[in-house]
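# Observations on the model geometry
Residues per chain are reported as follows:
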Protein chains: 4
Amino acid sequence: MNTFGTLFRLTDFGESHGPAIGGVVDGMPAGIRVDFDRIRQMLARRSPGSSANVSARRENDEPEFMSGIFEGVTTGTPIAFRIVNRDARPEDYEAMRDKYRPNHADYTYDAKYGFRDHRGGGRASARETAVRVVAGALAMQVLEKLGVSIHAFPSAAGNEAIDSDADLQRVLEKARKAGDTIGGIVTCVVKGVPAGIGEPVFGKLQSMLAMAMMSINAAKGFEYGDGFRAAEMRGSECVDEFCCENGKVYCRSNHSGGIQGGISNGEDIIMRVAFKPIATLPRPVHTVDRNGNECVLEARGRHDVCVIPRAVPVVESMAALCILDAIMLHRSRLIP
Amino acid sequence: MNTFGTLFRLTDFGESHGPAIGGVVDGMPAGIRVDFDRIRQMLARRSPGSSANVSARRENDEPEFMSGIFEGVTTGTPIAFRIVNRDARPEDYEAMRDKYRPNHADYTYDAKYGFRDHRGGGRASARETAVRVVAGALAMQVLEKLGVSIHAFPSAAGNEAIDSDADLQRVLEKARKAGDTIGGIVTCVVKGVPAGIGEPVFGKLQSMLAMAMMSINAAKGFEYGDGFRAAEMRGSECVDEFCCENGKVYCRSNHSGGIQGGISNGEDIIMRVAFKPIATLPRPVHTVDRNGNECVLEARGRHDVCVIPRAVPVVESMAALCILDAIMLHRSRLIP
Amino acid sequence: MNTFGTLFRLTDFGESHGPAIGGVVDGMPAGIRVDFDRIRQMLARRSPGSSANVSARRENDEPEFMSGIFEGVTTGTPIAFRIVNRDARPEDYEAMRDKYRPNHADYTYDAKYGFRDHRGGGRASARETAVRVVAGALAMQVLEKLGVSIHAFPSAAGNEAIDSDADLQRVLEKARKAGDTIGGIVTCVVKGVPAGIGEPVFGKLQSMLAMAMMSINAAKGFEYGDGFRAAEMRGSECVDEFCCENGKVYCRSNHSGGIQGGISNGEDIIMRVAFKPIATLPRPVHTVDRNGNECVLEARGRHDVCVIPRAVPVVESMAALCILDAIMLHRSRLIP
Amino acid sequence: MNTFGTLFRLTDFGESHGPAIGGVVDGMPAGIRVDFDRIRQMLARRSPGSSANVSARRENDEPEFMSGIFEGVTTGTPIAFRIVNRDARPEDYEAMRDKYRPNHADYTYDAKYGFRDHRGGGRASARETAVRVVAGALAMQVLEKLGVSIHAFPSAAGNEAIDSDADLQRVLEKARKAGDTIGGIVTCVVKGVPAGIGEPVFGKLQSMLAMAMMSINAAKGFEYGDGFRAAEMRGSECVDEFCCENGKVYCRSNHSGGIQGGISNGEDIIMRVAFKPIATLPRPVHTVDRNGNECVLEARGRHDVCVIPRAVPVVESMAALCILDAIMLHRSRLIP
């Protein structure tokens, strides 16, 4: 379904070239003065059009708030917002109405629903992630009051590790010149989560974070702490010994990635999300149409070389939704 | 929380050395004759004590069904079952009442709840996964009627790829002799899921599968299709071109791992789960106790060298719960 | 929370005098051509301003659809809509910013959230029910394909039974002349629900219907079948004997109101909802302000004499949301 | 489905004459010493066999706790319990395997599931309510720490108001002698709920309470505050004027029943639940069997004259589940 979260909930709607995308945030605590500039800044980081290597679609992604905020302060009731699709050019996609783009959701939507809004990927477009960023920016404003901060960054692009923004631009430029697209990895670090957040068994913090991250377009893998490398390690290599200083228990290392038994241990929560290369290639591909006829497809519309620059604020946002929800769940049980 | 699923739901309870573990399966279709032998066989695959390399605890893991089955047939009402903890030896754990085992959930449970049932890990013990296997075995009996089959297997142990059971035993034996524990990878393949299963945005099939798999004890990473390797590939290397034969659309390759845009495309669904080494080492480790005093901890109780042999049926079971739930969700909308 | 339903879900937002009210309908089956006129007609029945006895606020309650409909047909993705608050006159309410209107939600919202959007009742205003009517009208278009129809009508107003619209207008006029407000009862009949819909125990059909109806502003009571009269009857007076004709089992009477053991039995589902008199009286009342000072309050804004004429389509809509959700839940289990 | 609640959740299982009934309580705060005697006392009040006018089935309804309690204290993990069906006499019901008892769930279960566990009503039996009482007794132990108390009592039986237990016994005896069964009303008062509990719109406190109460077997109606009488009153007759004393706002009257706009106002929460007469009559009734053949049915098994004596603790328990859940929901948002 299209709702994420238990207590801090985002219900998300909209198609890439329909009238608008938007969301409803339910569970927002009352009395918080909203910092609209921060929301805009988060959106700007996700926004297309910031360099030659990302999609040229230019949208003034200004969310229009419709409820839940009174005189600049949250009321505790649902915060609904929409972002109008001003720069939609559905005619770019007319040729694709009946053709299935490989590695996209065209065929699967047709299989599921019998037909689809084909314009720009419709509901499956990454444009929808702007909605998550608005909700994430709201969640972060609550988390900040709780001492929690979230920071994500590209840590690999294609087959290269990334250390700086210059690094990243160089790798993206190389791919663009090669007439291809690339994937990459986004690393996310959450600081300040107190020990005790997360639930045993199905509500493990890593379980919720994995669900959140794998719901982002193009995500193919999730890991936390030592992740897949842990599979290759010996137990003695990844022990996080406890020690105690000034009455505070902590770990000497952080192989666990800040979570043990599904529950935060007070260390930084560290996770990585792998993204596949952009599916729309700047070259013709073979495919079939709705009637099963083979055909060749040339991409039109506006597309990025690599998803990871724009994925960074989306990863941060999904982390924020998860962590705040988990904190609220934990606090609900602190009785009396 | 301790419930998994939306329409086919497992509510799971129990501690490792409490009176019993068990679960309640809600949403089971009525009129299905239960194959109890298959449940036992699934449980036997997860059961400890089958070789020198796995925990020596011997439990007769016979689930006792308490409801929802009448004259051997499901009634459509909740199926509750319990597995009594017969071979519990809580005294093995008395020394650990106040000590925090590294990489376990001891400290985090104390931080969350103020105290814990320390016996054998309590609720955080992998013993709980037996409950998932019973529920998974029930789900599989429904899936079978829908033409879906699920098969998981160890594909890596420590830093070695695994091709056969002999391979696996050799690697485990090596670790045991080295006085250490190892991690590994379980690969899972789901066949027969029709195209169209899974939901857009937050309900993506990979999102639900990731949540399911990351809730298994010791899981550190999840990927599907090309997974983390996709991050290193070029777009032109991982195109799944569509073709058509006898009126049926399919893909020439399966980089997508059977899911596109969160929805199944009719190809095999392929995923991999990374598990860390067993946290309890057969050697002393440094840690602290509840009062912050440093201490040395020697493992007692019965412990495995590697989690993956026993994780295989758990991975299959979680996949079964996810896939059946997604199919039921999809079918609920097929109106009229 | 602000979401209703499990499989057919309405997430509802908006304040009476904020920018807009609206909703997101998730779970709508794909491929249904939307009859927008019917939605408008349902809204018109709920709309204020249709006679001297109802609120004079005139809104052009035209829902603006933002997603989930492509070329007039539902796509299976969330249908978001908003209704802009064009005729808002927040200045009417300035005097009430700090005063607590008796029998309204002013004090309780302040107690819950620390402050409130005081304009016209904010989130607590019955204006919000327009959102339910849009969602209900969508649900009815699905139900119609399943052979289900829903009809509600005023059956009492004040202390008089109501048989016709002329009856109702007479009673309302009498109350208006008396300078008072009155309550009443809405009866709702659902025809065509097949036997077998509804869930045992907590998901009983009457349980869901009661939750739905009691969430409508000013509802004070719910009953189905014989309802409160059943409490006064002898068992032998309310037996619904089964009989059989042409192979179809049915009941000779319908004391049960179409539901037995929480599950529909194929007879008409009959329920009644009691509404209290409009809380805002056309005369001064004593109350206190936020600081605890006693004060007198004179109603401003635009208010009805009686809620029931406008409640009728809201009752129908909530019934539609419930029944469709229950049917979808039932169908999800019909495997294979 | 068979789970009640959002944060304090009861998952309920079991058939009247199956191996056991029971439940899983999830969300119980940790660190609460369980008063098992109080649970037993609550169960004893619901228990059959306490007088000539209630069912003669004698069960030692001793709940067996399987998890979530360690050394007498709640651990924060799910509390599972079962009550074994010791005094089951399924042979009493053999004659009813194919016959549909009027006003029972026999026909509707067959219509829903294709067949049913016919023994004593199976899942539809009121025996299941013992599970709710165990969970309710746990919830009350949390509520007590929050200053909340719940008290229910029979306020009408048949067509007579009830003031005392002697009154009630007299009315029941009269019905028993008349060879008939009767219905009645249970009134429930919740004291000590602070102002601000409950959610706007769909999560209104009365909405949750109505859902809870209408899920009890034989409940036909729910009302709170003035309830159905409010429909007959004038607005000026049911104004709850606010006043203020020692800085505390309160109401001079309680027509609202302690809830305004879906949210508690600090006054007593008062509600009434109407129950129909026991469906099983001590005389033959006409009905049909599964094959549509007309037949006569004579009740066997053990049955009450009136449900309300035993319904009282069930009403209290459902109120406790609701109120605690709402309080936890409210507290989860109190950030920071």
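Preceding block: the structure.
First things first, this report covers the structure right here in the doc.

About the cut-offs
Residues numbered from 1 in each chain as written. Chains lettered and ligands numbered in written order. Predicted model: local features only at pLDDT ≥ 70, side-chain atom pairs only at ≥ 80, totals over all residues. Heavy atoms only, no water. Helix = DSSP H or I, 4+ residues; strand = E, 2+ residues; numbered from the N terminus. Contact = heavy atoms within 4.5 Å. Areas by Shrake-Rupley, 256 points an atom, 1.4 Å probe, with all protein chains shown as cover. Lys, Arg positive; Asp, Glu negative; His and termini not counted. Charge placed at Lys NZ, Arg CZ, Asp CG, Glu CD. Pairing = 2+ DSSP bridges. Polar contact = N/O pair within 3.5 Å; in protein donor to acceptor, adjacent residues only side chain to side chain. Nonpolar A, V, L, I, M, F, W, Y, C, P; charged D, E, K, R; others polar. Buried < 20%, exposed > 50% of the residue type's maximum accessible area, 1.4 Å probe, protein only. Phe/Tyr/Trp six-rings, centres within 6.5 Å; stacked < 30°, edge-to-face > 60°. Lys NZ or Arg CZ within 6 Å of the ring centre and 35° of its normal. Least-squares fit on C-alpha atoms with pLDDT ≥ 70 in both. Buried area = accessible area lost by both parts, 1.4 Å probe. Salt bridge = Lys/Arg side-chain N within 4 Å of Asp/Glu carboxyl O. Expected span 1.5 Å × (residues − 1). Axes fitted to C-alpha atoms, helices over the stretch in contact; angles between N-to-C directions. Left-handed = near helix turned anticlockwise from the far one by under 90°.

## Focus: the overall build of chain A
- A tally of regular secondary structure across chain A gives seven helices and 18 strands.
- Referenced to the eigenvectors of the C-alpha coordinate spread, the extents of chain A come out at roughly 70 × 55 × 40 Å.
- Long-range contacts, defined as pairs at least 24 residues apart, comprise 72% of the intrachain contacts of chain A with a sequence gap of at least 6.
- Looking at chain A as shown, the accessible area adds up to about 10,400 Å², and 47% of this sits on carbon and sulfur atoms.
- Distance from the positive charge centre (41 side chains) to the negative charge centre (42 side chains) of chain A: 2 Å.

## Some remarks on the sheet that holds strand 11 (residues 219–224) of chain A
- On the basis of which strands lie adjacent, the open sheet formed by 10 strands has the order 9(A)-8(A)-10(A)-16(A)-11(A)-11(B)-16(B)-10(B)-8(B)-9(B) and antiparallel pairing. Of all strands in the sheet, those bounded by a partner on one side alone are strand 9 (160–161) of chain A together with strand 9 (160–161) of chain B.
- Bridging between strand 8 (residues 149–157) of chain A and strand 10 (residues 184–191) of chain A involves eight bridges; their strand directions are antiparallel. Counted as the bridge partner of Ser149 of chain A is Lys191 of chain A from strand 10 of chain A.

## Considerations on the interface of chain B and chain D
- If you look at the interface, chain B gives 41 residues, while chain D gives 41 residues.
- Along the contact surface separating chain B from chain D lie 11 residue pairs in polar contact (both at pLDDT 80 or more).
- Those elements that provide at least two residues to the side of chain B that touches chain D are strand 2 (9–14), strand 3 (20–26), strand 4 (64–65), strand 6 (73–74), strand 7 (79–84) and helix 2 (106–113) of chain B.
- By residue number, the principal contributor to the side of chain B that touches chain D is strand 2 of chain B, which donates five residues.
- Tallied by class, residues from the side of chain B that touches chain D come to 16 nonpolar, 13 polar and 12 charged.

## Topic: the side chain of Ser317 of chain B
Residue and element names in this part refer to chain B.
- With respect to the helices and strands, Ser317 occurs in helix 7 (residues 308–332).
- Residue Ser317 is classed as buried on the basis of its relative accessible area, which comes to 0%.
- Those residues in contact with Ser317, other than ones at most four positions away along the chain, are Met42, Arg132, Val133, Gly136 and Met140.

## Describing the packing of aromatic side chains
- Overall, the coordinates contain 30 aromatic pairs over all chains when judged by the stated rule.
- Through a chain of ring-to-ring contacts, three or more aromatic side chains come together here, namely Phe36, Phe65 and Phe81 of chain A.
- Taking NZ or CZ as reference, Lys220 of chain A lies 3.8 Å from the ring centre of Tyr224 of chain B, over its face.
- The ring of Tyr113 of chain B has Lys112 of chain B lying over it, and the distance from NZ or CZ to the ring centre is 5.8 Å.

## With respect to the relation of the copies chain B and chain D
- When chain B is fitted to chain D, the best match, at an RMSD of 0.0 Å, comes from turning it 180° and sliding it 0.0 Å along the axis. The transformation relating the two chain copies, once decomposed into turn and shift, fits a two-fold axis. Identified as the residue of chain B closest to the rotation axis by C-alpha distance is Thr11 of chain B, at 3.7 Å.
- Take the interface residues of chain B: 100% of them recur as interface residues in chain D, which is what a same-surface contact looks like.

## A closer look at the interface of chain C and chain D
- Opposite the 100 residues of chain C that make contact, chain D presents 99 residues.
- Surface buried jointly by chain C and chain D totals about 7,700 Å² across both partners, of which 62% is contributed by carbon and sulfur atoms.
- Taken together, the connections running from chain C to chain D amount to four salt bridges.
- Joining chain C to chain D, the criterion identifies 33 residue pairs in polar contact (both at pLDDT 80 or more).
- Among the residues forming the side of chain C that touches chain D, the class breakdown is 46 nonpolar, 32 polar and 22 charged.
- Alignment of strand 11 (residues 219–224) of chain C against strand 11 (residues 219–224) of chain D, held across three bridges, turns out to be antiparallel. The residue bridging Glu223 of chain C from the neighbouring strand is Gly221 of chain D, located in strand 11 of chain D.

## Focus on the sheet that holds strand 7 (residues 79–84) of chain A
- Ordered by their spatial adjacency, five strands build an open sheet running 1-2-3-7-4 (chain A), and the pairing between neighbours is antiparallel. Every other strand in the sheet has two partners, leaving strand 1 (3–4) and strand 4 (64–65) of chain A as the edge strands with one partner each.

## Points about the environment of Tyr224 of chain B
- Mapped onto the elements, Tyr224 of chain B comes out in strand 11 (residues 219–224).
- Sequence separation between Tyr224 of chain B and Cys188 of chain B is 36 residues, and the spatial gap between their C-alpha atoms is 9.4 Å.

## Thoughts on helix 7 (residues 308–332) of chain D
- The end-to-end C-alpha distance of helix 7 of chain D is 36 Å, a good match for the 36 Å that 25 residues give at a rise of 1.5 Å each.
- Of all 25 residues in helix 7 of chain D, 23 are buried, a share of seventy percent or more.

## Notes on the pairing of strand 17 (residues 285–288) of chain D
Residue and element names in this part refer to chain D.
- Note: strand 17 against strand 18 (residues 294–297), four bridges, orientation antiparallel. Looking across to strand 18, one finds that Val288 is bridged to Glu294.
- Where strand 17 folds back onto strand 18 in an antiparallel hairpin, the turn is made up of five residues, including Gly292, whose phi is positive at roughly 85°.

## Topic: the pattern of salt bridges
- Counting across every chain of the model gives 116 salt bridges over all chains.
- For Glu316 of chain D, the salt bridge identified is with Arg45 of chain D, shortest N-O distance 2.9 Å. Remark: Arg45 of chain D occurs in helix 1 (residues 36–46) and Glu316 of chain D occurs in helix 7; sequence separation between them is 271 residues.
- By sharing partners, the salt bridges in this structure join Arg101, Asp106, Asp110, Arg116 and Arg290 of chain A into a single network.

## With respect to helix 2 of chain B
- Extensive coverage of helix 2 of chain B is indicated by the burial of seven of its eight residues.
- Contact partners of the buried residues in helix 2 of chain B: strand 12 (242–245), strand 13 (248–251), strand 14 (259–260), strand 15 (263–264) and helix 7 (308–332) of chain A.
- Remark: Gly114 of chain B follows helix 2 of chain B within two positions and exhibits a positive phi of approximately 90°.

## Let's talk about the packing of helix 5 (residues 205–214) of chain C against helix 7 (residues 308–332) of chain C
Residue and element names in this part refer to chain C.
- Two elements in contact, helix 5 and helix 7, have axes separated by 9 Å at closest approach and are oriented at 145°. In this structure, helix 5 crosses over helix 7, and the sense of that crossing is right-handed. When helix 5 is examined against helix 7, the residues Leu205, Met208, Leu209, Ala212 and Met213 are found in contact with a partner set consisting of Val315, Met318, Ala319, Cys322, Ile323 and Ala326.
- Grouping the amino acids of the contact of helix 5 with helix 7 by side-chain chemistry returns 11 nonpolar, no polar and no charged.

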